Amino acid sequence: MKLLPELLVGAQYDIAGQLMLIWGQIRASLVVPVLRIFMYINLVMLIMLFTEKVYMAIVVAFNKLFGKTPEKRYKFEPFEDDVELGSSIYPLVLVQVPMFNEKEVYHLSIGAACGLSWPSDRIVIQVLDDSTDPLIKGMVEMECQSWASKGINIHYQVRENRKGYKAGALKQGLKHDYAKQCEYVVIFDADFQPEPDFLTQTIPFLHHNRQLGLVQARWKFGK
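The following paragraphs examine the structure supplied in this document. (Residues numbered from 1 in each chain as written. Predicted model: local features only at pLDDT ≥ 70, side-chain atom pairs only at ≥ 80, totals over all residues. Heavy atoms only, no water.)

1. Considerations on the pairing of strand β2 (residues 123–129)
Taking burial as the measure, the seven residues of β2 include seven buried ones, the bulk of the element. Going residue by residue along β2, you find I123, I125, V127 and D129 tucked away on one face and V124, Q126 and L128 tucked away on the opposite face as well. Where strand β1 (residues 93–99) lies against β2, seven bridges are found, and the strand directions are parallel. Across the sheet, residue P98 finds its bridge partner in β2, namely L128. As a crossover connection, the stretch from β1 through helix α3 (residues 106–114) into β2 is right-handed. Bridge count between β2 and strand β3 (residues 154–157): four bridges; the pairing is parallel. Along β3, the bridge assignment pairs V127 with Y156. (Buried < 20%, exposed > 50% of the residue type's maximum accessible area, 1.4 Å probe, protein only. Helix = DSSP H or I, 4+ residues; strand = E, 2+ residues; numbered from the N terminus. Pairing = 2+ DSSP bridges. Right-handed = clockwise from strand over helix to strand, strands pointing away.)

So, in structure tokens, the structure goes:
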């Protein structure tokens, strides 16, 4: 005759065995098929990524071997100083820089815009500040005043509301009389730092190819 503790231990082993058997059945009927489905999905995604990489490599190689550069596809003639006409041969360009609490980068972007290689009387820098922080707003305005004291034609503009956000600020900026006199508009976001020759490399495309309405340059990211 078995004692009660032995019966209880045996019952525990039977329950544990039954639970393991049930788990094995669940794993075989549900878990394994689900994992297999995920494995197939990952395999398909890997194949898609590999196919995309191969396709992009072929496109890049084809363009490098047979593609036309923008200079060959469109007319490109750099502007040259004229003794008689002077700097008037250069079109008047408006550079818009929208701002919104850009504490870390405002001085870099404004400095880069003011450092563009273009006749000083043929370029207008417009800083559109929608900042809500009074401290940052004051810092941006002081930066603009600093560049203005160096002879840069720079305008610091604010508005009463943020309707349309940065796009709305850009639109509002075009309504100023000095902006309406400009032939071309260049837009740099607050963290953009264009190279000094940006205008000399882009404006000629628009100026000599009237069918073009937009020139977008390649972006290069920092840290």
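Back to the write-up after that little detour.
2. A few points about the layout of surface pockets
As a volume, the largest pocket reaches approximately 1,100 Å³. Taken together, 26 residues make up the lining of the largest pocket; nearest its centre are F192, F198, A217, R218 and W219. Mapped by element, the contributors of at least two residues to the lining of the largest pocket are β4 (184–187) and α7 (198–208). No other element matches the five residues that α7 contributes to the lining of the largest pocket. (1 Å grid on protein atoms, 1.4 Å probe; cavity = no way out; pocket = protein on both sides within 12 Å on 5 of 7 lines; lining within 4 Å. Points joined across faces, edges and corners; volume = space filled by probe spheres on them.)

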